[in-house]
Amino acid sequence: MTDWSPRTKAVHAGTRRSQYGEVSEAIFMTQGFVYDTAEQAEARFIESGEDEYIYARYGNPTVRMFEDRIAALEGTQDAFATASGMAAVNGALSSMLAAGDHVVSSRALFGSCLYILEDVLARYGVKVTFVDGTDLDAWRDAVRDDTKAVFLETVANPTLEVIDLKAVAEIAHAKGASVIVDNVFATPVFGHAVRDGADVVVYSATKHIDGQGRCLGGVICGTKEFVRKVAEPYLKHTGGALSPFNAWVMLKGLETVHLRCAAQAETALTVARALEGHPKLVNVAYPHLPSHPQYAAAKRQMDQGGTVIALDIKGGKEEAFRFLNALKIVTISNNLGDSKSLVTHPATTTHQRLSDNQRKSLGISDGLVRMSIGLEDTNDVLADIKGALDMI
Ligand SMILES: *Cc1c(COP(=O)(O)O)cnc(C)c1O
């Protein structure tokens, strides 16, 4: 299996068949497992072997299939599936950190990630230094001999700034710090986080892995040692387990994730190119546009530019709202990576909680619109967007 290409792994890796030889993965919708004898129960609680389960909060065969498949795809030894992307981010960080530890994080983060680092971890005595993730000197200054971990989103939400993962990982590893990456925007298809130096890779499976807006889910990918000895004990006792049904949806999602992401990213690039220089826009941000400030890093670390584009609309909130309200195919919603094209106005929704100054420092203007490109026909999506811009 190790020499299979990613697309083959995404279809077959991790498959476990029951005695019935089913083609499609079975949903083991059970919270518990029975033992033949009391002795067997005792032995399993001391140490459960491969394919020996105790309770679904600890593990489940359908969940295990998803964990093995995503680990194979990501190129890590193991993975632990969680109830949501946030359970994965919190699990990865909280399981490895203790009071007094030092963490360096990029500042441009998904709102809930920022909450974990800024509010939760700080309350438990973890010291966090925030840096401009695109400034390598800032990382060099901030990472110290006693820094335990660095955290970053390879492509930041919603501004799509790209962090040079390889360079940051070199800085972190030189000081012995672990590199934890939230790789949602780069996707398991386009990103190569492990190749570029990540020690732990976290996904919200809610996004491209499901890709059809049905289920919440998340996953922590890393070494067997980290996943089973550090992350798993924390997660199995604090209750962030993924439902077997949702794991099955994610398994099925992985089978088509390459096709979907490639098609969505192709449309996203076409749309971004077509909109560059549009008179109603201050800016079009897309990682694989040559005008992107971190274009070189984006080309090096991502096979395609991702499924999300950011438009800065002239006229601030008023015109941005007019644009959103005029769209017919692209729907107002805050998910991303979905087969349906979705649009959101971060300043008034996902990043509303932040102060004006915080938003400004992250580059979230009142005219910024984040658009997740779906699987619709490219010309239809482009015509919808151009038509709505005409309404401004
Ligand atoms: C959506 C998202 C999350 C959180 O995932 P959930 O599944 O909604 O909990 C974390 N990080 C990034 C970058 C995201 O886009």
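Our subject is the structure listed above.
For the structure given in this document, a descriptive report is provided here.

Calculation rules
Residues numbered from 1 in each chain as written. Predicted model: local features only at pLDDT ≥ 70, side-chain atom pairs only at ≥ 80, totals over all residues. Heavy atoms only, no water. Helix = DSSP H or I, 4+ residues; strand = E, 2+ residues; numbered from the N terminus. Rg over C-alpha atoms; globule rule 2.2 N^0.38 Å. Buried < 20%, exposed > 50% of the residue type's maximum accessible area, 1.4 Å probe, protein only. Contact = heavy atoms within 4.5 Å. Areas by Shrake-Rupley, 256 points an atom, 1.4 Å probe, with all protein chains shown as cover. Lys, Arg positive; Asp, Glu negative; His and termini not counted. Charge placed at Lys NZ, Arg CZ, Asp CG, Glu CD. Pairing = 2+ DSSP bridges. Axes fitted to C-alpha atoms, helices over the stretch in contact; angles between N-to-C directions. Near = heavy atom within 4 Å. Polar contact = N/O pair within 3.5 Å; in protein donor to acceptor, adjacent residues only side chain to side chain. Nonpolar A, V, L, I, M, F, W, Y, C, P; charged D, E, K, R; others polar. Salt bridge = Lys/Arg side-chain N within 4 Å of Asp/Glu carboxyl O. Phe/Tyr/Trp six-rings, centres within 6.5 Å; stacked < 30°, edge-to-face > 60°. Lys NZ or Arg CZ within 6 Å of the ring centre and 35° of its normal.

Bringing the overall build of the chain into the picture now. The helix and strand tally for the chain stands at 14 helices and 12 strands. In summary, the chain has a C-alpha radius of gyration of 21 Å against a globular reference of 21 Å for 392 residues, a match within 12%. Oriented by its inertia axes, the alpha-carbon framework of the chain measures out at about 75 × 50 × 35 Å. Counting every position in the chain, which comprises 392 residues, the buried fraction comes to 56%. Across the chain, every contact between residues at least 6 apart in sequence was considered, and the portion connecting residues at least 24 apart equals 73%. Counting only carbon and sulfur atoms, one obtains 51% of the accessible surface of the chain, whose full area is about 16,600 Å². Taking the 39 positively charged and 48 negatively charged side chains of the chain as two groups, their mean positions are separated by 3 Å.

Our focus in this paragraph is the sheet that holds strand S4 (residues 147-153). Taken together, the seven strands give an open sheet; going across it, the order is S1-S7-S6-S5-S4-S2-S3, and neighbouring strands pair in mixed fashion. Two strands lie at the open edges of the sheet, namely strand S1 (78-82) and strand S3 (127-131), each paired on one side alone. Here the average twist between neighbouring strands, direction ignored, is 20°. Its contacts with the sheet put helix H5 (residues 111-123) on strand S2 (102-106), S3, S4 and strand S5 (178-182), and the angle it makes with S3 is roughly 135°.

Neighbouring the ligand are 13 residues, the closest being Gly85, Asp182, Ser204, Thr206 and Lys207. The separation between a nitrogen atom of the ligand and a polar side-chain atom of Asp182 is 2.6 Å. Surface burial for the ligand is 92%, taken as the share of its 380 Å² of free accessible area covered by protein chains. Tallied by class, residues from the shell around the ligand come to five nonpolar, five polar and three charged.

Here Thr129 is to be found in strand S3. Relative accessible area serves as the criterion here: at 28%, Thr129 is assigned to the partly exposed category. Along the primary structure Thr129 and Gly239 are separated by 110 residues, whereas in three dimensions their C-alpha atoms are 29 Å apart. Those residues in contact with Thr129, other than ones at most four positions away along the chain, are His102, Val103, Val104, Ser105 and Ala142.

Let us now look at the pattern of salt bridges. Across all of its chains, the model carries 25 salt bridges by this definition. Here Arg144 makes a salt bridge to Asp146, at a shortest N to O gap of 3.0 Å. Judged by its relative accessible area of 46%, Asp146 falls in the partly exposed class. We note a salt bridge from Asp210 to Arg214, for which the minimum N-O separation is 2.8 Å.

Considering all chains together, one arrives at three aromatic pairs under this definition. Between the aromatic rings of Phe33 and Tyr53, the centroid separation amounts to 5.4 Å while the plane-to-plane angle is 35°, which identifies the pairing as tilted. In this pair, Phe33 is assigned in the loop between helix H1 (6-12) and helix H2 (38-46) and Tyr53 in the loop between H2 and helix H3 (61-74), connecting sequence segments 20 residues apart. Take Phe33 and Tyr53: they sit in the same class, and that class is buried. Ring centres 5.9 Å apart and planes at 35° place the aromatic pair Phe245 and Trp248 in the tilted group. Residue Phe245 and its partner Trp248 are located together in helix H10 (residues 244-275), separated by three residues, close to a single helical turn. Residue Phe245 is classed as partly exposed on the basis of its relative accessible area of 37%. Among the residues examined, Trp248 registers a relative accessible area of 23% and is labelled partly exposed. Here Lys236 stacks its cationic end above the ring of Tyr58, 4.7 Å away from the centre of that ring.

Remember, this is a structural readout, not a statement about activity or role.
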